[in-house]
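# Architecture at a glance
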Amino acid sequence: MPAFIVVRPSHSLVGLKSPRDAVTISRTFNDATTIIDVSTSLLRSPDEPAYLRPSPPYVRSHVKLFVWCIQSLPPTSSQQSDSRHPLPTHLREKRIQGACV
């Protein structure tokens, strides 16, 4: 069953005067071959608990939508038939594909 996760990451980027933080909410979906994670940040609220408020020197940033997907792909026919490959067959049969939006 998918669950929601609330995270408060802190980060500094080159060129920014103040470090940033964000409060994100994330949901992960998966099946036998695919993992999809969808995240967005929560906007500031006047009644938010103290532990979610930005503290100096941090400035609250906003992430509209962030999605990543990782899939396990079936092996290609050339991977299965290449006897000169340096890896054992059970290791070279695994391929993954990733995307980030």
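Above this text sits the structure in question.
We now examine the overall build of the chain. Assigned secondary structure in the chain consists of 2 helices and 8 strands. The linear arrangement of helices and strands in the chain, starting from the amino end, is β-β-β-β-β-β-β-α-α-β. Across the 101 residues in the chain, those meeting the buried criterion constitute 17%. For the chain, the exposed area adds up to about 7,700 Å²; of that, 62% sits on carbon and sulfur atoms.

With that out of the way, let us pick up the side chain of glutamate 48. Along the chain, glutamate 48 turns up in the loop between strand E5 (34-41) and strand E6 (59-60). When neighbours within four sequence positions are excluded, glutamate 48 is seen to be in contact with Arg53, Pro54 and Arg60.

A few words now on a nonpolar patch on the surface. A contiguous nonpolar surface patch, about 270 Å² in accessible area, is contributed by Ile35, Ile70 and Ile96. Within the element layout of this structure, isoleucine 35 appears in strand E5.

Working definition: two side chains of opposite charge can pair if their charged atoms are close together. Enumeration according to the criterion identifies 2 salt bridges in this entry. A salt bridge links aspartate 21 to arginine 60; the shortest N-O distance between them is 3.0 Å. Separated by 39 residues along the polypeptide, aspartate 21 in strand E3 (residues 20-21) and arginine 60 in strand E6 bring together distant segments of the chain. The same class applies to aspartate 21 and to arginine 60, which are both buried.

Of all 6 residues in strand E8 (residues 95-100), 0 are buried, a share of ten percent or less. Pairing geometry for strand E7 (residues 66-73) and E8, over 6 bridges, is antiparallel. Within E8, the residue paired with tryptophan 68 across the bridge is cysteine 100.

Right, let's get into the environment of serine 26. Residue placement: serine 26 occurs in strand E4 (residues 24-30). A distance of 3.4 Å separates a polar atom in the side chain of serine 26 from a polar atom in the side chain of serine 39.

With that out of the way, let us pick up the pairing of E5. Pairing of E4 with E5 involves 7 bridges; the strand directions are antiparallel. Looking at the pairing, asparagine 30 lines up with isoleucine 35 of E5. The turn joining E4 and E5, which pair antiparallel and follow one another in sequence, is formed by 3 residues. Where E5 and E7 come together, 6 bridges link them in antiparallel fashion. Bridged to aspartate 37 within E7 is tryptophan 68.

Tracing the backbone through its elements, the reader meets valine 23 in the loop between E3 and E4. As for valine 23 and valine 7, which are separated by 16 residues in sequence, their C-alpha atoms are 5.7 Å apart. Not counting chain neighbours up to four residues away, the residues in contact with valine 23 comprise Val6, Val7, Arg8, Thr40, Ser41, Leu42, Leu52 and Arg60.

Thresholds, definitions, all that
- Residues numbered from 1 in each chain as written.
- Predicted model: local features only at pLDDT ≥ 70, side-chain atom pairs only at ≥ 80, totals over all residues.
- Heavy atoms only, no water.
- Helix = DSSP H or I, 4+ residues; strand = E, 2+ residues; numbered from the N terminus.
- Buried < 20%, exposed > 50% of the residue type's maximum accessible area, 1.4 Å probe, protein only.
- Areas by Shrake-Rupley, 256 points an atom, 1.4 Å probe, with all protein chains shown as cover.
- Contact = heavy atoms within 4.5 Å.
- Patch = residues over 30% accessible without salt bridge, like charges linked within 9 Å, V, L, I, M, F, W, Y side chains within 5 Å.
- Salt bridge = Lys/Arg side-chain N within 4 Å of Asp/Glu carboxyl O.
- Pairing = 2+ DSSP bridges.
- Polar contact = N/O pair within 3.5 Å; in protein donor to acceptor, adjacent residues only side chain to side chain.

As far as function goes, none of this settles anything; it's purely spatial.
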